[in-house]
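Descriptive structure summary
One-letter residues, chain by chain:
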Amino acid sequence: MIQDLFRETIRSLSGNKARSGLTILGIVIGIASVITMVAIGQGAKSTIESDIESIGSNLIVVMPGAQRVGGISQGAGSSQTLVIEDADAIKSQVQNVKAVAPEASKRYQITAKGTNTNAEVVGTVKDYLVVRNVKMNIGSFFSDQQQKTSAKVAILGPTTRNDLFGVNANPVGQSVKIRNVDFQVVGVTESKGGSGFNNPDSNIFVPLSSAQHFLSGNDYLSDIGVAAADQASMTSVQEQISALLLDRHKISDPTQADFRIMNQNDIIATATSITSTFTILLSSIAGISLLVGGIGIMNMMLTNVTERTREIGLRKAVGLRKKYINLQFLAEAVVLTFLGGAIGIVLGWGASLLVNNFVSLNTRISLSSVFYAFGVSAVVGIVFGFYPARRAANLNPIEALRYE
Amino acid sequence: MIVCNNLCKTYINGDVETQAVCGISFRIEKGEFVAIVGPSGSGKSTLMHILGALDTPTGGQYFLEGKEVSRLTDNELSDLRRGKIGFVFQSFNLLPRTTVLQNVMLPLVFSDMPMKKRKAKARETLKYVGLEESKFFNLSNQLSGGQMQRVAVARALINDPSIILADEPTGNLDTRTSRVVMKTFQELNSKGHTIIIITHEMEIAQFARRVISVRDGLIEKDEKN
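Fair warning: this is a prediction, and the values are worked out from it, not measured in the lab.

1. Some details on the overall build of chain B
- When helices and strands are tallied, chain B shows 7 helices and 10 strands.
- Of all 225 residues assigned to chain B, the portion counted as buried reaches 55%.
- Within chain B, counting contacts between residues at least 6 apart in sequence, those at least 24 apart form 69% of the total.
- Accessible area of chain B: about 10100 Å², with a carbon and sulfur share of 47%.

Written out as structure tokens, the structure is:
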């Protein structure tokens, strides 16, 4: 029976190849555009996510709150409330903390043998590598010992190194002058490739104690970076830090806190929701073209039924049950959409790869969108084939046979 | 085999009622060759539709092999047509762009019979109605009128029906070919097939052994040749 259905469908569709082909084209374009659009959306999403994750993994940042002078806020980060003891307390008292990196950073003019640049000088500790996901390219980061003894050593970000010593030069052993203090370069970090405002590639890293002694001259931190042990514990770590610091700073009302805590997950969630919206927008536009393709199928099937009215009458006269006539026309519509779906998937896949290679946009073909597209094309076939098939099955055989 | 009691068919089109046939009664026994003749509008087509189980009467009873057809559902009517009735149409109604063999196999589609057996049966039936084997794989539109009607007759015979119902089978054929086709029907009748032919031409009706004349929805004459 299924063989019969298959044979009849092939016979009928190949009977009018041009029309079948054009009808399929509608579905092909619909499916291909859905897949390409979703691939572009997913690609953008994963690019943004990995950009954010390169800042550090499971990162929580504690920043000083806004300083209030007589009720007038000076803006976030303006107050000087965080000290190294806070960082030590977080490390020793909060559970599920992998690493803590207190930072005291400020921009300075940096000079080296005839060149100079303006860079963010970050005073920190060795755990910074863990917290901020930084790797060394040349040399090594400063040791705990150098941190304790306020050693005048510096690690350059690759951009700063390029500015001061030339592209890809090895500056280890040379010295740079920050605020008229000589620091010996001991290493260069690996490029993170990110771009923008707070790019770690253009930083200079020095021991925290050195930064406080020789550069800022005070004990305050600009922020404390905390790496949670894993994704799941981030919320609890954040809450513990909040409680701990409120207690240490003797603040009873949490709304009056003199610090702010930022969670990397929040940033990712925001970015993800933006890209998801774009994906939905793009794929719904593509979905409309799929709908139009479906209407094309229905149009063709209706023409088909009208054209083959006599044949349908004959089939009924020789005793074919309604069910089979219905099934036959439905099968034609489903085969058309399935063919269109299959070609559309291949085409969409190809288009995604082309976009990936020739336009500077990352695409990611998600298997779920392929299955989704295939399912939708089958549903489109059934939905838009249903009415014409029913119309064929319900034809009166006498009138159908007389139809001219 | 066929028993009609007081058959009536009334078409209702909006407020207008048209009585196509009314009060027709006759019996047709197995092995008969009957021609139903009458001018257009006499109700012979309506009668043929009822006899062919394409339509049900609005009054009276129609028994085919002891089964009352007027009480059957749509699916039961389909099954009855497939099993018991072979249709031959005026305009042949062969599927275009389809081979002779495939046309003859059409009534077997969606049946349990395997493809091999269907083909064998179609060949056998085509030989039975006298079509040369060289034409079996020709497309139906490459045949002459007489050959087409032969294929249509073979299609009607493939399910071994109780009756063959031919609606103006010579309407699209010239006189010479008409005679050949009618001779075929006579041969089939002599082999034991029950045949009913609807026509408006008396010369064609002369090939049958019994002629039922219909006029204004009633039987006018019923005589043996």
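2. With respect to the pairing of strand β9 (residues 210-215) of chain B
All names here are of chain B.
- For β9, the buried fraction is high: 5 of the 6 residues fall into the buried class.
- Bridge analysis of β9 against strand β10 (residues 218-224) gives 6 bridges, and the strand direction is antiparallel. Pairing of Arg 210 across the sheet is with Lys 224, part of β10.
- The antiparallel hairpin formed by β9 and β10 contains 2 residues in its connecting segment, where Asp 216 sits at a positive phi of about 50 degrees.

3. Points about the layout of surface pockets
- One number sums up the size of the second largest pocket: a volume of about 460 Å³.
- Listing elements by their share of the lining of the second largest pocket, those giving two or more residues are α13 (397-402) of chain A together with α1 (44-51) of chain B.
- The element contributing the most residues to the lining of the second largest pocket is α1 of chain B, with 5 residues.
- Among the residues making up the lining of the second largest pocket, the classes are represented as 8 nonpolar, 10 polar and 6 charged.

4. Describing the environment of Ser 33 of chain A
Residue and element names in this part refer to chain A.
- Summarising the element assignment, Ser 33 is placed in helix α2 (residues 17-53).
- For the pair formed by Ser 33 and Ile 345, sequence separation is 312 residues and the distance between their alpha carbons is 9.1 Å.
- Not counting residues within four places of it along the chain, the set of residues in contact with Ser 33 comprises Ala 286 and Ser 289.
- Within polar-contact distance, the side chain of Ser 33 engages the backbone oxygen of Ile 29 at 2.8 Å.

What counts as what
- Note on numbering: residues in each chain are counted from 1, in written sequence order.
- Chain labels run from A onward and ligand labels from 1 onward, assigned in the order the entries are written.
- Totals for whole chains, interfaces and linings use every residue, but because this is a predicted model, local features are given only for residues with pLDDT of at least 70 and side-chain atom pairs only at 80 or more, for both listing and counting.
- Note that the side-chain values use all heavy atoms of the structure and ignore hydrogens as well as water.
- Only runs of H or I of at least four residues qualify as helices and only runs of E of at least two qualify as strands under DSSP, and these elements are numbered from the N terminus.
- Residue exposure (1.4 Å probe, protein chains only): buried if accessible area is under 20% of the type maximum, exposed if over 50%, otherwise partly exposed.
- Contacts are residue-level and defined by heavy atoms, with any inter-residue pair within 4.5 Å sufficient.
- Only the protein chains shown count as cover for residues, and all accessible areas are computed by the Shrake-Rupley method using a 1.4 Å probe.
- By definition, two strands form a pair when at least two bridges between them are found by DSSP.
- Both site types are read off a 1 Å grid over the protein atoms alone. A 1.4 Å probe that fits but cannot get out defines a cavity, while an open set with protein on both sides within 12 Å along at least five of seven lines defines a pocket; lining residues have an atom within 4 Å of a point.
- Grid points are joined across faces, edges and corners, and a volume is the space filled by probe spheres set on the points.
- Only Asp, Glu, Lys and Arg are considered charged in this grouping, and only Ala, Val, Leu, Ile, Met, Phe, Trp, Tyr, Cys and Pro are considered nonpolar; every other residue, Gly among them, is considered polar.
- Each polar contact in these results corresponds to two N or O atoms within 3.5 Å; when the atoms are within protein, one needs to be able to donate a hydrogen and the other to accept it, and residues that are neighboring in sequence are counted only if both atoms are side-chain atoms.

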